[in-house]
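Spelled out from the first residue to the last, the chains are:
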Amino acid sequence: MGLAGATIMVVCLATPLSPAAADPTPPATAPPGMVDALERDLGITEQQALQRLANEQRAAATEARLSSSLGSSYGGAWLNEDASRLMVATTDPAAAPGIEAQGAQPVVVQRSLSQLNAVKDQIDRASDQAKAGASLWYVDLASNSVVIVTAHQDAGDGLAATAGVDRNAVRVTVSNEAPQPYINLIGGSAYYIGSSRCSIGFSVTRGATPGFVTAGHCGRPGNVTSNPSGTFQGSSFPGNDYAWVATPGHTPTPYVRGAGGALVTVRGSTQASVGASICRSGSTTGWRCGVIQQHNATVRYPQGTVYGLTRTSACAQPGDSGGSFISGSQAQGVTSGGSGNCSIGGTTYHQPVNEILGAYGLTLRVG
(Lines give C-alpha, C1' and ligand atoms only; values in the text may rest on other atoms or scores of the structure.)
Protein backbone atom coordinates (compact mmCIF):
# COMPACT_ATOMS: atom_id res chain seq x y z
CA MET A 1 0.00 0.00 0.00
CA GLY A 2 1.33 3.42 -0.92
CA LEU A 3 2.23 6.03 1.65
CA ALA A 4 -0.29 8.81 1.20
CA GLY A 5 0.65 12.29 2.29
CA ALA A 6 4.29 11.51 3.08
CA THR A 7 6.97 14.04 2.20
CA ILE A 8 10.58 12.89 1.92
CA MET A 9 13.11 15.11 0.21
CA VAL A 10 16.82 14.48 -0.13
CA VAL A 11 18.67 17.77 0.19
CA CYS A 12 22.05 18.44 -1.46
CA LEU A 13 24.79 15.85 -1.84
CA ALA A 14 26.96 15.39 1.20
CA THR A 15 30.51 14.09 1.22
CA PRO A 16 30.47 10.32 1.83
CA LEU A 17 31.36 9.76 5.49
CA SER A 18 34.52 11.82 5.43
CA PRO A 19 36.82 11.07 8.39
CA ALA A 20 37.66 14.77 8.65
CA ALA A 21 33.99 15.67 8.96
CA ALA A 22 33.23 12.88 11.40
CA ASP A 23 35.38 10.89 13.81
CA PRO A 24 39.14 11.22 13.07
CA THR A 25 39.98 8.15 15.16
CA PRO A 26 41.05 5.27 12.88
CA PRO A 27 38.94 2.09 13.18
CA ALA A 28 40.19 -0.83 15.25
CA THR A 29 41.44 -3.92 13.45
CA ALA A 30 38.52 -6.06 12.32
CA PRO A 31 37.88 -9.03 14.65
CA PRO A 32 39.19 -12.38 13.34
CA GLY A 33 36.79 -14.01 10.91
CA MET A 34 34.49 -11.00 10.59
CA VAL A 35 35.90 -9.81 7.26
CA ASP A 36 35.69 -13.32 5.79
CA ALA A 37 32.09 -13.67 6.95
CA LEU A 38 31.13 -10.27 5.55
CA GLU A 39 32.69 -11.24 2.21
CA ARG A 40 30.69 -14.46 2.18
CA ASP A 41 27.32 -13.18 3.40
CA LEU A 42 27.24 -9.70 1.83
CA GLY A 43 28.98 -10.70 -1.41
CA ILE A 44 31.72 -8.07 -1.11
CA THR A 45 35.51 -8.02 -1.38
CA GLU A 46 37.94 -7.87 1.52
CA GLN A 47 38.71 -4.20 0.79
CA GLN A 48 35.01 -3.38 0.63
CA ALA A 49 34.45 -5.12 3.95
CA LEU A 50 37.25 -3.17 5.63
CA GLN A 51 36.03 0.11 4.15
CA ARG A 52 32.49 -0.68 5.25
CA LEU A 53 33.58 -1.31 8.83
CA ALA A 54 35.51 1.97 8.88
CA ASN A 55 32.52 3.87 7.49
CA GLU A 56 30.18 2.27 10.01
CA GLN A 57 32.39 3.26 12.93
CA ARG A 58 32.43 6.88 11.80
CA ALA A 59 28.70 6.81 11.07
CA ALA A 60 27.85 5.66 14.59
CA ALA A 61 29.75 8.59 16.08
CA THR A 62 28.18 11.06 13.64
CA GLU A 63 24.69 9.72 14.30
CA ALA A 64 25.15 10.11 18.05
CA ARG A 65 26.18 13.75 17.65
CA LEU A 66 23.40 14.68 15.25
CA SER A 67 20.62 12.87 17.11
CA SER A 68 21.50 15.05 20.09
CA SER A 69 21.99 18.37 18.27
CA LEU A 70 18.87 18.10 16.09
CA GLY A 71 16.60 17.58 19.09
CA SER A 72 12.88 17.29 18.32
CA SER A 73 13.43 17.65 14.57
CA TYR A 74 15.54 14.47 14.38
CA GLY A 75 13.96 11.89 12.05
CA GLY A 76 16.45 9.04 12.43
CA ALA A 77 19.56 7.98 10.53
CA TRP A 78 20.51 5.10 8.29
CA LEU A 79 23.33 3.99 6.01
CA ASN A 80 22.84 3.50 2.29
CA GLU A 81 23.23 0.04 0.80
CA ASP A 82 27.03 -0.07 0.67
CA ALA A 83 27.45 1.95 3.89
CA SER A 84 29.26 4.73 2.02
CA ARG A 85 26.85 7.44 3.08
CA LEU A 86 24.96 8.21 6.30
CA MET A 87 21.49 9.62 5.68
CA VAL A 88 20.14 11.80 8.49
CA ALA A 89 16.48 12.83 8.50
CA THR A 90 15.10 16.06 9.92
CA THR A 91 11.78 17.88 9.84
CA ASP A 92 13.63 21.21 9.74
CA PRO A 93 15.03 22.21 6.30
CA ALA A 94 17.23 24.81 8.00
CA ALA A 95 19.15 21.98 9.69
CA ALA A 96 20.46 20.60 6.38
CA PRO A 97 23.74 22.60 6.28
CA GLY A 98 24.64 21.46 9.80
CA ILE A 99 24.03 17.84 8.82
CA GLU A 100 26.20 18.22 5.72
CA ALA A 101 28.95 19.77 7.82
CA GLN A 102 29.13 16.50 9.77
CA GLY A 103 29.70 14.53 6.53
CA ALA A 104 26.16 13.13 6.36
CA GLN A 105 23.42 13.58 3.76
CA PRO A 106 20.34 15.47 5.00
CA VAL A 107 16.86 14.18 4.22
CA VAL A 108 13.92 16.47 4.98
CA VAL A 109 10.92 14.47 6.17
CA GLN A 110 7.39 15.11 7.36
CA ARG A 111 7.60 13.28 10.70
CA SER A 112 10.24 13.21 13.42
CA LEU A 113 11.48 9.97 14.94
CA SER A 114 9.58 10.72 18.14
CA GLN A 115 6.36 11.13 16.14
CA LEU A 116 6.94 7.83 14.33
CA ASN A 117 7.67 6.07 17.61
CA ALA A 118 4.43 7.48 19.01
CA VAL A 119 2.51 5.96 16.08
CA LYS A 120 4.18 2.61 16.68
CA ASP A 121 3.39 2.85 20.40
CA GLN A 122 -0.29 3.29 19.52
CA ILE A 123 -0.19 0.08 17.49
CA ASP A 124 1.59 -1.66 20.38
CA ARG A 125 -1.36 -0.76 22.62
CA ALA A 126 -4.01 -2.19 20.26
CA SER A 127 -5.93 -5.26 21.38
CA ASP A 128 -4.48 -8.73 20.89
CA GLN A 129 -7.43 -9.51 18.64
CA ALA A 130 -6.57 -6.59 16.34
CA LYS A 131 -2.90 -7.62 16.24
CA ALA A 132 -3.65 -11.28 15.52
CA GLY A 133 -3.36 -10.92 11.74
CA ALA A 134 -0.02 -9.08 11.72
CA SER A 135 3.46 -10.61 11.87
CA LEU A 136 5.37 -7.50 12.98
CA TRP A 137 5.44 -3.71 12.79
CA TYR A 138 8.30 -1.24 12.98
CA VAL A 139 9.45 2.30 12.29
CA ASP A 140 10.98 2.45 8.80
CA LEU A 141 13.31 5.44 8.75
CA ALA A 142 13.92 5.57 5.01
CA SER A 143 10.20 5.85 4.17
CA ASN A 144 9.43 8.01 7.24
CA SER A 145 6.59 5.69 8.15
CA VAL A 146 5.51 2.82 10.36
CA VAL A 147 5.29 -0.47 8.47
CA ILE A 148 2.86 -3.25 9.37
CA VAL A 149 3.82 -6.63 7.90
CA THR A 150 0.94 -9.04 7.46
CA ALA A 151 -0.15 -11.97 5.28
CA HIS A 152 -3.34 -10.14 4.31
CA GLN A 153 -3.85 -6.47 3.46
CA ASP A 154 -7.18 -6.33 5.30
CA ALA A 155 -5.55 -7.47 8.54
CA GLY A 156 -2.97 -4.68 8.38
CA ASP A 157 -5.58 -2.08 7.50
CA GLY A 158 -7.75 -3.30 10.36
CA LEU A 159 -4.91 -3.07 12.88
CA ALA A 160 -4.13 0.50 11.82
CA ALA A 161 -7.80 1.43 12.09
CA THR A 162 -8.26 -0.19 15.50
CA ALA A 163 -5.12 1.49 16.81
CA GLY A 164 -6.50 4.85 15.69
CA VAL A 165 -3.23 5.97 14.10
CA ASP A 166 -2.72 8.55 11.38
CA ARG A 167 -3.22 6.37 8.31
CA ASN A 168 -0.89 8.57 6.26
CA ALA A 169 1.94 7.57 8.58
CA VAL A 170 1.42 3.81 8.12
CA ARG A 171 2.26 1.41 5.29
CA VAL A 172 0.96 -2.15 5.12
CA THR A 173 3.30 -4.70 3.51
CA VAL A 174 1.91 -8.09 2.52
CA SER A 175 4.41 -10.87 3.21
CA ASN A 176 4.52 -14.52 4.24
CA GLU A 177 7.13 -13.73 6.91
CA ALA A 178 6.10 -15.48 10.12
CA PRO A 179 8.70 -15.08 12.92
CA GLN A 180 9.22 -17.97 15.33
CA PRO A 181 11.45 -18.12 18.41
CA TYR A 182 14.67 -19.99 17.71
CA ILE A 183 14.72 -22.83 20.24
CA ASN A 184 15.51 -26.46 19.55
CA LEU A 185 14.13 -29.17 21.82
CA ILE A 186 16.42 -31.86 20.41
CA GLY A 187 19.60 -30.67 22.12
CA GLY A 188 23.18 -30.05 21.02
CA SER A 189 26.03 -27.85 22.14
CA ALA A 190 25.96 -24.45 23.91
CA TYR A 191 23.84 -24.57 27.08
CA TYR A 192 20.84 -26.68 28.03
CA ILE A 193 17.62 -26.17 29.94
CA GLY A 194 16.50 -29.73 30.55
CA SER A 195 16.20 -31.20 27.04
CA SER A 196 16.07 -27.78 25.34
CA ARG A 197 19.06 -25.98 23.85
CA CYS A 198 19.76 -22.27 23.45
CA SER A 199 22.84 -20.11 22.94
CA ILE A 200 24.82 -17.85 25.22
CA GLY A 201 24.62 -14.17 24.39
CA PHE A 202 27.28 -12.15 26.23
CA SER A 203 29.20 -12.60 29.47
CA VAL A 204 28.05 -10.28 32.27
CA THR A 205 28.48 -9.74 35.97
CA ARG A 206 26.12 -8.52 38.64
CA GLY A 207 28.27 -7.42 41.51
CA ALA A 208 30.61 -10.34 42.05
CA THR A 209 28.29 -12.86 40.39
CA PRO A 210 29.25 -14.00 36.88
CA GLY A 211 26.75 -15.06 34.24
CA PHE A 212 25.43 -14.44 30.74
CA VAL A 213 22.48 -12.86 28.96
CA THR A 214 20.25 -14.82 26.60
CA ALA A 215 16.71 -14.97 25.23
CA GLY A 216 13.77 -14.86 27.63
CA HIS A 217 11.86 -17.61 25.85
CA CYS A 218 14.69 -20.02 26.66
CA GLY A 219 13.85 -20.23 30.38
CA ARG A 220 12.03 -18.84 33.39
CA PRO A 221 13.44 -17.65 36.74
CA GLY A 222 14.59 -20.67 38.71
CA ASN A 223 15.18 -22.88 35.67
CA VAL A 224 18.53 -24.66 35.88
CA THR A 225 21.03 -24.78 33.01
CA SER A 226 23.85 -27.17 32.24
CA ASN A 227 27.09 -26.81 30.29
CA PRO A 228 27.62 -24.27 31.81
CA SER A 229 25.71 -24.87 35.00
CA GLY A 230 23.64 -21.94 36.22
CA THR A 231 20.21 -20.65 37.16
CA PHE A 232 17.91 -18.19 35.42
CA GLN A 233 17.75 -15.13 37.68
CA GLY A 234 15.42 -13.04 35.55
CA SER A 235 13.43 -13.62 32.37
CA SER A 236 10.86 -11.69 30.34
CA PHE A 237 8.85 -13.19 27.45
CA PRO A 238 6.63 -12.19 25.74
CA GLY A 239 6.62 -8.40 25.89
CA ASN A 240 10.41 -8.59 25.92
CA ASP A 241 12.64 -11.50 25.00
CA TYR A 242 15.57 -11.37 27.39
CA ALA A 243 16.97 -13.18 30.41
CA TRP A 244 20.11 -13.52 32.46
CA VAL A 245 21.63 -16.64 33.94
CA ALA A 246 23.94 -16.62 36.97
CA THR A 247 26.81 -19.12 36.68
CA PRO A 248 28.78 -19.19 39.97
CA GLY A 249 32.15 -20.88 39.58
CA HIS A 250 32.50 -20.02 35.90
CA THR A 251 34.71 -17.31 34.45
CA PRO A 252 33.07 -14.65 32.26
CA THR A 253 35.10 -13.62 29.21
CA PRO A 254 34.79 -10.69 26.74
CA TYR A 255 34.53 -13.00 23.75
CA VAL A 256 32.05 -14.12 21.09
CA ARG A 257 32.82 -17.21 19.00
CA GLY A 258 33.35 -16.13 15.41
CA ALA A 259 34.07 -17.86 12.12
CA GLY A 260 35.91 -21.13 12.50
CA GLY A 261 35.84 -20.82 16.27
CA ALA A 262 38.02 -17.69 16.34
CA LEU A 263 37.34 -15.39 19.28
CA VAL A 264 35.88 -11.93 18.64
CA THR A 265 36.55 -9.47 21.46
CA VAL A 266 33.63 -7.38 22.76
CA ARG A 267 34.76 -3.81 23.51
CA GLY A 268 31.46 -2.06 24.25
CA SER A 269 27.77 -1.92 23.40
CA THR A 270 27.24 1.18 21.24
CA GLN A 271 24.18 0.66 19.06
CA ALA A 272 25.02 0.50 15.35
CA SER A 273 23.12 2.47 12.70
CA VAL A 274 20.36 1.13 10.49
CA GLY A 275 22.16 -0.16 7.38
CA ALA A 276 25.28 -1.19 9.29
CA SER A 277 26.67 -4.71 8.95
CA ILE A 278 26.07 -7.09 11.82
CA CYS A 279 27.10 -10.66 12.63
CA ARG A 280 25.57 -13.19 14.97
CA SER A 281 26.91 -16.30 16.66
CA GLY A 282 24.79 -19.29 17.66
CA SER A 283 25.12 -22.94 18.52
CA THR A 284 23.28 -24.20 15.42
CA THR A 285 24.48 -22.14 12.47
CA GLY A 286 27.64 -20.57 13.90
CA TRP A 287 28.79 -17.18 12.58
CA ARG A 288 26.43 -15.46 10.14
CA CYS A 289 26.30 -11.85 8.94
CA GLY A 290 23.87 -9.40 7.40
CA VAL A 291 22.80 -5.78 7.83
CA ILE A 292 20.58 -3.96 10.31
CA GLN A 293 17.23 -3.27 8.65
CA GLN A 294 15.27 -1.53 11.41
CA HIS A 295 15.43 -0.80 15.12
CA ASN A 296 12.40 -0.87 17.44
CA ALA A 297 10.34 -3.50 15.62
CA THR A 298 7.35 -5.15 17.28
CA VAL A 299 7.03 -8.85 16.45
CA ARG A 300 3.97 -11.01 17.07
CA TYR A 301 5.10 -14.55 17.81
CA PRO A 302 2.55 -17.34 18.36
CA GLN A 303 3.42 -17.13 22.09
CA GLY A 304 2.80 -13.37 22.28
CA THR A 305 4.01 -9.99 21.12
CA VAL A 306 7.58 -8.76 21.72
CA TYR A 307 8.47 -5.07 21.51
CA GLY A 308 11.65 -3.14 20.77
CA LEU A 309 13.49 -5.73 18.66
CA THR A 310 16.06 -5.02 15.95
CA ARG A 311 15.41 -6.57 12.55
CA THR A 312 18.38 -7.87 10.52
CA SER A 313 19.12 -9.83 7.36
CA ALA A 314 21.43 -12.28 9.17
CA CYS A 315 20.04 -15.80 9.06
CA ALA A 316 19.50 -18.10 12.06
CA GLN A 317 17.83 -21.37 12.93
CA PRO A 318 16.37 -23.19 15.96
CA GLY A 319 18.93 -23.48 18.77
CA ASP A 320 20.51 -20.11 17.90
CA SER A 321 18.14 -18.36 20.34
CA GLY A 322 19.91 -16.17 22.87
CA GLY A 323 23.11 -16.02 20.81
CA SER A 324 25.24 -12.93 20.26
CA PHE A 325 24.67 -10.14 17.76
CA ILE A 326 27.75 -7.94 17.30
CA SER A 327 28.65 -5.10 14.92
CA GLY A 328 32.40 -4.54 14.65
CA SER A 329 33.50 -4.92 18.26
CA GLN A 330 30.24 -3.58 19.77
CA ALA A 331 27.70 -5.93 21.36
CA GLN A 332 24.23 -5.35 19.90
CA GLY A 333 21.83 -7.91 21.31
CA VAL A 334 20.69 -11.51 21.80
CA THR A 335 18.90 -13.56 19.17
CA SER A 336 15.15 -13.66 19.65
CA GLY A 337 13.61 -15.30 16.58
CA GLY A 338 13.04 -14.92 12.90
CA SER A 339 11.83 -16.45 9.66
CA GLY A 340 13.55 -18.46 6.95
CA ASN A 341 16.82 -20.31 7.56
CA CYS A 342 20.48 -20.32 6.56
CA SER A 343 19.85 -22.43 3.46
CA ILE A 344 17.36 -20.12 1.76
CA GLY A 345 18.16 -16.96 3.71
CA GLY A 346 16.06 -15.30 6.37
CA THR A 347 15.31 -12.45 8.70
CA THR A 348 16.33 -12.52 12.36
CA TYR A 349 15.45 -10.28 15.31
CA HIS A 350 17.50 -9.47 18.37
CA GLN A 351 16.72 -7.92 21.74
CA PRO A 352 19.09 -4.97 22.27
CA VAL A 353 21.70 -5.82 24.88
CA ASN A 354 21.70 -2.40 26.57
CA GLU A 355 18.07 -2.87 27.53
CA ILE A 356 18.91 -6.19 29.18
CA LEU A 357 21.85 -4.72 31.07
CA GLY A 358 19.67 -1.89 32.37
CA ALA A 359 16.76 -4.14 33.30
CA TYR A 360 18.84 -6.34 35.60
CA GLY A 361 21.68 -4.04 36.64
CA LEU A 362 24.29 -6.06 34.77
CA THR A 363 27.77 -5.12 33.60
CA LEU A 364 28.89 -6.29 30.17
CA ARG A 365 32.24 -8.07 30.15
CA VAL A 366 34.50 -6.23 27.70
CA GLY A 367 38.10 -6.55 26.57
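These figures come from a predicted structure and were not determined experimentally.

(A) Quick peek at the pairing of strand 15 (residues 242-246). Among the five residues of strand 15, five are classified as buried, and the element is accordingly described as predominantly covered. Side chains Y242, W244 and A246 of strand 15 all project onto a buried face; the interleaved residues A243 and V245 project onto the opposite face, where all are buried too. Here strand 14 (residues 230-236) runs beside strand 15; their pairing, made up of five bridges, is antiparallel. When the bridges of strand 15 are listed, F232 appears paired with V245.

(B) How the structure looks around the pattern of salt bridges. Under the counting rule described, the total for this entry stands at eight salt bridges. Here R52 makes a salt bridge to E56, at a shortest N to O gap of 2.7 Å. Within this pair, R52 and its partner E56 are both found in helix 2 (residues 46-69), separated by four residues, close to a single helical turn. Of the charged contacts in the structure, one is a salt bridge between D128 and K131, with a shortest N-O distance of 4.0 Å. Taken as a pair, D128 and K131 lie in helix 5 (residues 128-131) at a separation of three residues, close to a single helical turn. Overall, D128 belongs to the exposed group, its relative accessible area being 61%.

(C) The arrangement of the state of the cysteines in detail. Taken as a whole, this structure holds three disulfides when the rule is applied. With its sulfur 2.0 Å from that of its partner, C198 forms a disulfide with C218. Where C198 bonds to C218 through sulfur, the torsion about that S-S bond is close to -90°, and the disulfide is left-handed. Here the residue C198 occupies a position in strand 10 (residues 196-198), and C218 occupies one in the loop between strand 12 (209-214) and strand 13 (224-225), the gap between them amounting to 20 residues. Taking relative accessible area as the criterion, C198 reaches 0% and is therefore assigned buried. Bridging C315 to C342, the disulfide has an S-S length of 2.0 Å. Note on the C315 and C342 pair: the S-S dihedral is about 105°, so by sign convention the disulfide is right-handed. A residue pair is termed long-range when its members are at least 10 positions apart, and C315 in the loop between strand 20 (304-312) and strand 21 (324-327) and C342 in the loop between strand 22 (330-341) and strand 23 (345-352) qualify at 27 residues. Each of the two residues, C315 as well as C342, counts as buried. Taken in N- to C-terminal order, the disulfide-linked cysteines of the protein chain are connected 1-2, 3-4, 5-6.

(D) Geometry of the sheet that holds strand 14. Read across the sheet, six strands follow the order 13-14-15-12-11-24 without closing on themselves; strand pairing throughout is antiparallel. Either end of the sheet is taken by a strand with one partner, and the two such strands are strand 13 and strand 24 (363-364). Looking at chain direction, strand 12 and strand 15 are connected through four bridges and run antiparallel. In the strand pairing of strand 15, V213 is matched with W244. Of the strands in this sheet, strand 11 (203-206), strand 12, strand 14, strand 15 and strand 24 touch helix 7 (residues 353-360), which is tilted by about 60° from strand 15.

(E) Inspection of the environment of A49 at higher detail. Structurally, A49 can be placed in helix 2. Through-space distance from the C-alpha of A49 to that of D36 is 8.5 Å; in sequence the pair is 13 residues apart. The residues contacting A49, other than those within four sequence positions of it, are V35, L38 and I44.

(F) Representation of the packing of aromatic side chains within the structure. Scanning the entire structure with this criterion turns up three aromatic pairs. Ring geometry for Y242 versus Y360: centroids 5.6 Å apart, planes at 90°, classification edge-to-face. Of this pair, Y242 sits in strand 15 while Y360 sits in helix 7; the two residues are 118 residues apart in sequence, bridging distant segments of the chain. An identical accessibility class is assigned to Y242 and Y360; each is buried.

What counts, and at which threshold
Residues numbered from 1 in each chain as written. Predicted model: local features only at pLDDT ≥ 70, side-chain atom pairs only at ≥ 80, totals over all residues. Heavy atoms only, no water. Buried < 20%, exposed > 50% of the residue type's maximum accessible area, 1.4 Å probe, protein only. Helix = DSSP H or I, 4+ residues; strand = E, 2+ residues; numbered from the N terminus. Pairing = 2+ DSSP bridges. Salt bridge = Lys/Arg side-chain N within 4 Å of Asp/Glu carboxyl O. Disulfide = S-S within 2.5 Å. Contact = heavy atoms within 4.5 Å. Axes fitted to C-alpha atoms, helices over the stretch in contact; angles between N-to-C directions. Phe/Tyr/Trp six-rings, centres within 6.5 Å; stacked < 30°, edge-to-face > 60°.

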